[in-house]
Amino acid sequence: MRRVLVAVSGAVVERFLDRVLARLAWGDTELCLLHVVDTRPLKEYGLAAGGLAGRAAEAEHRLRHMSALGAEAGQRMLADAEALAAPRLPSGTTIRRLQRTGIPEHEIIAASYEVQAGLVALGAAEGGPPPPPKHGPPPPKHGPPPKFPRRHLSPTVRFVVDHAPCDVLLLYPDGSVAG
Amino acid sequence: MEHPVRALLGLAVFLAAMALVIGRPRGLNEAWPAVGGAGGLAALGLLTPADLLAVARETGGVLLFLLGMMVVSAALELAGVFAWAASYAARASGRSRRRLLVNVFVLGAAVTAALSLDVTVIIVTPLVYATVTALGVDPLPYLYACTFVANTGSLVFPMSNLTNLLVTDRLGLPFWRFTLAMALPNAAAVAMNVAVFAWIFRGHLAGSLPAAPPEAAPARTPFFRGAAAVLALALLGLFAAGLAGRPLWPVALAAAAATAGVAAATGGASLPALARGISWSLFPFVWGMGAIVRGIEHAGLTAGFARIVLSGHASPAARLVTAGGIAAAGANVFNNIPMTLLMLGILPLAPRGGVMALAAATLIGVNIGPALTTAGSLATILWLAAVRRRGVEVPALEYLRIGAVTVPLVLAAALAALVLEGGLR
């Protein structure tokens, strides 16, 4: 059985999941939806608030609450994603919801090993400047080599592309797909 | 100069206390090493009981002010005033991620200016986190906006930062003279912070929010209205007291009593709930650090430091930049409170007429500098090394660049504004 791991964030649920579903054949395939509670903002809060004189205990208490809120928001995204995916998949397709806590790129790779994913899909929207114009590269000119429009992948996406143990499907906000 | 052996022992006590304050082994509250260090210096004979009492008198007004404002802030939180403000920031964003970031900056700058950076970091940041995660947005830029503006926007009023209170109180700087001197550097610092973040996080800020913020504002209870009214009156009272050259702590204590009265009358919160907002350990910490700094002054250890900061520069502008830079570096190596107290020991030695500008430069350094230690701190570097040892590659620059890029630029903008102001006068 093939397993497809889809990293879910707010943007992915809204814009990309239907494209993942439409582009792949889903016979004998399991869909694993993954949300990662990003610990970087929590860590920043811990350092900033915990560093204030006399506030360490209170900061720790509030940090636990924030972590729970992040996990809750993620569970809602996973539920939304499952509700979006279930009616479009062949009946009997298994959908698994996974939630991990850590640095998103590390957790996506760890989860892809854990579920033995055959494909990892993620949105390439966040973390880079707006995509290049759609009308293709500029016409070749004499003189210096032509400059083709370049996509700047976020560190998260770059890390996943560099380290994934399987194929990676990147979904761009303007509709093109890299795999 | 004290006996060299005693001075060296004093230095050892100071360094040990600072190491414990910074390292906090096993979650040790920083008040213990502060009070312990003061005790150690007293045992060495570098502090007399009269010194300890004098420090209590000097810091008493500031600490009473903090006590009152902590109660007011706790009441505002329990009444839902901050939650309402965070929700308003989201609703006023028009689903634009960029405008939401600017709104978070405005909210953080306003709360920091009026109530202190502690309130922005401790109370407002978790509310912003809750608001943006509920919208399905990556909270990273918004959370950094809160923790950074708490530092970069804490220059303007004496009450915006404990460091400002300590300096204005000790040097007897008038409230409005301080605020007028700091308004431009504060505005420059926040504007530079917004600009740098808009660039660093440009990828996160393109496009609209995936979900619309809820249209309905949180309910405004009688406690909400009462607490907001007390805040408005308290701010007016503080500004009036500042104008009249009166101490601020009676206004803060009156505001605390008024919020407690409103909470009891409306049934909005119990007194124990309000008291939970008070960080009691801050009081012995500030007193202990004040005593330690006085002790090392007695040991003659600050004289050399004063020479570095105050002399050797022909131009006043160079002296301001040196003081700001040293203060910022020291606030990262030590904690900003001891660094402020250390600088306070040498500021009165500045040439006549230069104390105000030098105090302003010092505060720009100690207030903005600590933003570096949240993102680019020793702790972060150690964490990066630890995950590398476990075989995980971390794009280190991604995590370090935020503080490393932002803090020098914001510091430069604020100091440039201060120097420019000096030139205009």
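Just so it is clear, the model here is predicted, and its values are computed rather than measured.

Definitions and cut-offs
Residues numbered from 1 in each chain as written. Chains lettered and ligands numbered in written order. Predicted model: local features only at pLDDT ≥ 70, side-chain atom pairs only at ≥ 80, totals over all residues. Heavy atoms only, no water. 1 Å grid on protein atoms, 1.4 Å probe; cavity = no way out; pocket = protein on both sides within 12 Å on 5 of 7 lines; lining within 4 Å. Points joined across faces, edges and corners; volume = space filled by probe spheres on them. Nonpolar A, V, L, I, M, F, W, Y, C, P; charged D, E, K, R; others polar. Helix = DSSP H or I, 4+ residues; strand = E, 2+ residues; numbered from the N terminus. Contact = heavy atoms within 4.5 Å. Core = buried A, V, L, I, M, F, W, Y, C linked by side-chain atoms within 4.5 Å. Buried < 20%, exposed > 50% of the residue type's maximum accessible area, 1.4 Å probe, protein only. Expected span 1.5 Å × (residues − 1). Bend = angle between axes of the 7 residues up to and from the residue. Polar contact = N/O pair within 3.5 Å; in protein donor to acceptor, adjacent residues only side chain to side chain. Phe/Tyr/Trp six-rings, centres within 6.5 Å; stacked < 30°, edge-to-face > 60°.

What follows deals with empty space enclosed by the protein. All names here are of chain B. For the structure on display, the rule yields three cavities of 30 Å³ or more. The volume enclosed by the largest cavity comes to roughly 140 Å³. As for the largest cavity, its lining consists of 13 residues, and the residues nearest its centre are Glu58, Thr59, Arg170, Leu341 and Leu344. Partitioning the lining of the largest cavity into residue classes produces six nonpolar, two polar and five charged.

This paragraph deals with the side chain of B:Thr340. Mapped onto the elements of the fold, B:Thr340 is located in helix α17 (residues 336-346). Among residues more than four places away in sequence, those in contact with B:Thr340 are B:Thr163, B:Val167 and B:Val366.

Our next topic: the nonpolar core. With 154 residues, the main nonpolar core has B:Leu115, B:Tyr142, B:Phe197, B:Phe285, B:Ile364 and B:Ile368 as its most contacted residues. Of the residues forming this core, the biggest block, twelve residues, is contributed by helix α3 (residues 49-78) of chain B. Residues contacting B:Ile368, with those up to four places away along its chain left out, are B:Asn151, B:Thr152, B:Leu155, B:Ala189, B:Leu363, B:Val407, B:Val410, B:Leu411 and B:Ala414. Of all hydrophobic cores here, the second largest spans 22 residues; its members include A:Ala7, A:Ile108, A:Ile109 and A:Leu170.

Residue and element names in this part refer to chain B. Along its 18 residues, helix α6 (residues 117-134) runs 25 Å from first to last C-alpha, staying within 8% of the 26 Å computed at 1.5 Å per residue. The largest bend in α6 comes to about 40°, at valine 124, with the proline proline 126 one to four residues further on. Buried residues dominate α6, accounting for 14 of its 18 residues. In this structure serine 116 caps α6, since a side-chain oxygen of it lies 3.3 Å from the backbone nitrogen of aspartate 118.

All names here are of chain B. Under the counting rule described, the total for this entry stands at 13 aromatic pairs over all chains. Judged by centre distance (6.2 Å) and plane angle (75°), the ring pair of tryptophan 84 and phenylalanine 224 falls under edge-to-face. Of this pair, tryptophan 84 sits in helix α4 (residues 81-91) while phenylalanine 224 sits in helix α11 (residues 222-243); the two residues are 140 residues apart in sequence, bridging distant segments of the chain. Judged by its relative accessible area of 6%, phenylalanine 224 falls in the buried class. Residues phenylalanine 175 and phenylalanine 239 carry aromatic rings whose centres are separated by 6.0 Å and whose planes lie at 70° to one another, so their mutual orientation is edge-to-face. With phenylalanine 175 in helix α9 (residues 175-200) and phenylalanine 239 in helix α11, this residue pair connects regions lying 64 residues apart in the sequence. Using a relative accessible area of 6% as the deciding quantity, one classes phenylalanine 175 as buried.

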